[in-house]
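Spelled out from the first residue to the last, the chains are:
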Amino acid sequence: MLISVIVVAISMALFWMAAFTLWWQMHAWRTPETLASTRFDRPDGATGLSFSLLLPARHEQAVLEHTVERLLESSHANFEIIVIVGHDDPETAACAERAAARDPVRVRVVTDHHEKKNKPKALNTALPYCRGDIVGVFDAEDQVHPELLTHVDHAFTSTGADVVQGGVQLINFHSSWYSLRNCLEYFFYFRSRLHLHAQKGFIPLGGNTVFVRTTVLREADGWDPNCLAEDCDLGVRLSSVGKKVVVAYDSDMVTREETPGTLMSLLKQRTRWNQGFLQVYRKKDWKQLPGRGQRMLARYTLMTPFLQAFSGVIIPLNVGIALFLDVPAAIAIVTFLPLITAMVTFVFEVVGLHDFGVQYGLRVRFVHYVKLIVGGPFYQMLLAGAAVRAVWREYRGRNEWELTSHVGAHLTDRTESREDARR
């Protein structure tokens, strides 16, 4: 009897967790009006703000100069680029100095002398040097649209926002089976989920293409130098004091990036993010949120690593109990309730992959849909493994920064997709 009660309770919990995740994914597609509201409004031609664009780069010599070149193509009239390099990274520093020499008016190089390096420390190093009204953050491998700053300028002035979160999209979906799922995950996250968070007044900001008023950022003392998810932490702290966050996703304006090059790199990246969420949860800034619903959403969001780790351990056990133990038929049926949401999610992902291909002019073949479906359980196992690893690292007090390397796989994607279409 006790086992049956536990099995039912666990199955119902897994069912509602999966249903809640699906609700987040589908938010932007609830109505045509909701979908239209997620995009940038068309600028009216006025550009009254100035931008300081921060570009932290560590061992990024393969992609840094291309990113700076793309940022310099911006149509906005008033911006500066600050590249932050480590004192112990001469190759990246040399790339940064070459980029600055080509346009010394717009590009400056700042050196981070911290003994232990990480992204928030690099960003804090550059913050005192920012001269713009708005601080924007990009990663060293980013492919940025020339019109983005103009659209962000209009978003700030037309809404009175303190923060504008733009879209980020992984592009190289054809690189591997997990790259496809990683790209689609970003598509749902920035296209839909972050809009829901902004609407509810609690948002863990995305890692880059984030723009914050400089005065607001300095009042918040910049980024937490010890947090492994400094973007999430900043979003939580600003949400907790009532700052207005606007999220805009437009397939023409997204910042394009690449997926991690190996499964181990992806595992380490997700471990870092998960552990960062746990750190933010433990800091308890989210408890300052005024609404009970906001605090419940914050608690659930920041505890996601625990929930993923729990799911990864308990789902196989739950299925095993249903198949091999002598439990009533009704109980066995309940254990498969989470499969209902899983199947609905698979259908929604297939539709989402088609929409992703249409929006980005990428040819999605039948084999990609097969990889999407077959790879689903394995991808969830990887995410669960990263969550377990994050919980273990947090328990052990290990918080060193595991860097994700980049090779520029997304930079050739447009060329490859055009050649593929001609075939």
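Notes on the structure in this doc start here. (Residues numbered from 1 in each chain as written. Predicted model: local features only at pLDDT ≥ 70, side-chain atom pairs only at ≥ 80, totals over all residues. Heavy atoms only, no water.)

As for the overall build of the chain
Alright, step 1. Secondary structure summary: the chain contains 16 helices and nine strands in total.
Alright, step 2. Residues classed as buried in the chain amount to 55% of the 423 residues present.
Alright, step 3. By element, 60% of the accessible surface of the chain is carried by carbon and sulfur atoms, the whole surface being about 18900 Å². (Helix = DSSP H or I, 4+ residues; strand = E, 2+ residues; numbered from the N terminus. Buried < 20%, exposed > 50% of the residue type's maximum accessible area, 1.4 Å probe, protein only. Areas by Shrake-Rupley, 256 points an atom, 1.4 Å probe, with all protein chains shown as cover.)

Topic: the nonpolar core
Alright, step 1. Core analysis: the biggest nonpolar cluster contains 47 residues, and Leu54, Val212, Trp223, Leu353, Phe356 and Tyr360 have the highest contact counts within it.
Alright, step 2. Ranked by residue count, the leading element in this core is helix H7 (residues 177-200), at eight residues.
Alright, step 3. For Leu54, the contacting residues outside a window of four places in its chain are Ile82, Ile84, Leu123, Ala126, Cys130, Val135, Gly136, Val137, Phe138 and Trp223.
Alright, step 4. In terms of nonpolar packing, the next biggest core, distinct from the first, is built from 34 residues, Ile81, Leu149, Ala155 and Phe156 among them. (Core = buried A, V, L, I, M, F, W, Y, C linked by side-chain atoms within 4.5 Å. Contact = heavy atoms within 4.5 Å.)

Quick word on unusual backbone geometry
If a residue is not glycine, its phi is most likely negative; likewise, a peptide bond is most likely trans.
Alright, step 1. Unlike most non-glycine residues, Asp221 shows phi in positive territory, near 60°.
Alright, step 2. Summarising the element assignment, Asp221 is placed in the loop between helix H8 (214-219) and helix H9 (230-240).
Alright, step 3. A relative accessible area of 65% places Asp221 in the exposed class.
Alright, step 4. With phi around 70°, Lys284 is a residue other than glycine that occupies positive phi space.
Alright, step 5. A residue is classified by how much of its surface remains accessible, and Lys284, at 46% relative accessible area, is partly exposed.

Considering the pairing of strand E3 (residues 107-112)
Alright, step 1. For strand E2 (residues 79-86) and E3, the ladder comprises six bridges, and the chain directions are parallel. If you follow Ile81 over to E3, its bridge partner there is Val107.
Alright, step 2. Taken together, E2, helix H4 (residues 90-102) and E3 form a β-α-β motif whose crossover is right-handed. (Pairing = 2+ DSSP bridges. Right-handed = clockwise from strand over helix to strand, strands pointing away.)

Some thoughts on the side chain of Lys117
Alright, step 1. In this fold, Lys117 is placed in the loop between E3 and helix H5 (119-126).
Alright, step 2. The exposure class of Lys117 is buried, given its relative accessible area of 15%.
Alright, step 3. Reaching out from Lys117, the side chain makes a polar contact with the side chain of His87 at a distance of 2.8 Å.
Alright, step 4. At 2.4 Å, the side chain of Lys117 and the backbone oxygen of His114 are in polar contact.
Alright, step 5. Look past the residues within four positions of Lys117 in its chain and what remains in contact with it is Arg58, Gly86, His87, Asp88, Asp112 and Trp401. (Polar contact = N/O pair within 3.5 Å; in protein donor to acceptor, adjacent residues only side chain to side chain.)

A short note on empty space enclosed by the protein
Alright, step 1. Under the counting rule described, the total for this entry stands at three cavities of 30 Å³ or more.
Alright, step 2. Within this model, the largest cavity holds a volume of roughly 70 Å³.
Alright, step 3. Elements that contribute at least two residues to the lining of the largest cavity include exactly H5 and H9.
Alright, step 4. The biggest single contributor to the lining of the largest cavity is H9, with three residues.
Alright, step 5. Its residues placed into classes, the lining of the largest cavity shows six nonpolar, two polar and three charged. (1 Å grid on protein atoms, 1.4 Å probe; cavity = no way out; pocket = protein on both sides within 12 Å on 5 of 7 lines; lining within 4 Å. Points joined across faces, edges and corners; volume = space filled by probe spheres on them. Nonpolar A, V, L, I, M, F, W, Y, C, P; charged D, E, K, R; others polar.)

Topic: the packing of H9 against helix H10 (residues 263-283)
Packed helix pairs are specified by the crossing angle of their axes together with the interaxial distance, meaning the distance between the axes.
Alright, step 1. Running from N to C, H9 and H10 point in directions that differ by 30°, and their axes come no closer than 9 Å. By the angle class used here, H9 and H10 are roughly parallel. The chirality of how H9 crosses H10 is right-handed. Of the residues in H10, those touching H9 at Cys232, Asp233, Val236 and Arg237 are Phe277, Val280 and Lys283.
Alright, step 2. The residue inventory of the contact of H9 with H10, partitioned by class, reads four nonpolar, no polar and three charged. (Axes fitted to C-alpha atoms, helices over the stretch in contact; angles between N-to-C directions. Parallel < 35°, antiparallel > 145°, perpendicular 65-115°, else oblique. Left-handed = near helix turned anticlockwise from the far one by under 90°.)

A closer look at the packing of aromatic side chains
Alright, step 1. Scanning all chains against the criterion turns up 21 aromatic pairs.
Alright, step 2. Residues Phe138 and Phe211 carry aromatic rings whose centres are separated by 5.8 Å and whose planes lie at 75° to one another, so their mutual orientation is edge-to-face. Taken together, the residues Phe138 in the loop between strand E4 (134-137) and helix H6 (148-159) and Phe211 in strand E7 (residues 210-213) connect sequence positions 73 residues apart.
Alright, step 3. In this structure Phe138 comes out as buried when scored by relative accessible area, which is 1%.
Alright, step 4. For Arg106, the ring lying beneath its charged end belongs to Phe79, and the centroid distance is 4.1 Å.
Alright, step 5. For the cation-ring pair, Arg193 lies above Trp24, with the distance from its terminal atom to the ring centre recorded as 3.6 Å. (Phe/Tyr/Trp six-rings, centres within 6.5 Å; stacked < 30°, edge-to-face > 60°. Lys NZ or Arg CZ within 6 Å of the ring centre and 35° of its normal.)

A closer look at the pattern of salt bridges
Alright, step 1. Evaluation of the coordinates by the stated rule reveals 21 salt bridges.
Alright, step 2. The partner of Asp233 in a salt bridge is Arg237, and the shortest N-O contact between them spans 2.9 Å. Remark: Arg237 and Asp233 occur in helix H9; sequence separation between them is four residues, near one turn of the helix.
Alright, step 3. In this structure Arg237 comes out as buried when scored by relative accessible area, which is 17%. (Salt bridge = Lys/Arg side-chain N within 4 Å of Asp/Glu carboxyl O.)

Concerning the sheet that holds E7
Alright, step 1. Ordered by their spatial adjacency, seven strands build an open sheet running E3-E2-E1-E4-E7-E5-E8, and the pairing between neighbours is mixed. Where the open sheet ends on each side, the last strands, each with one partner, are E3 and strand E8 (245-247). Averaged over all adjacent pairs, the angle separating strand axes in this sheet is 20°, with direction ignored.
Alright, step 2. Two strands pair when backbone bridges link them, and strand E5 (residues 163-165) and E7 are joined in this way by three bridges, in the antiparallel orientation. Along E7, the bridge assignment pairs Val164 with Phe211.
Alright, step 3. Along the sheet face, helix H3 (residues 64-72) touches strand E1 (51-57), E2 and E3 and points at about 165° away from the line of E2.

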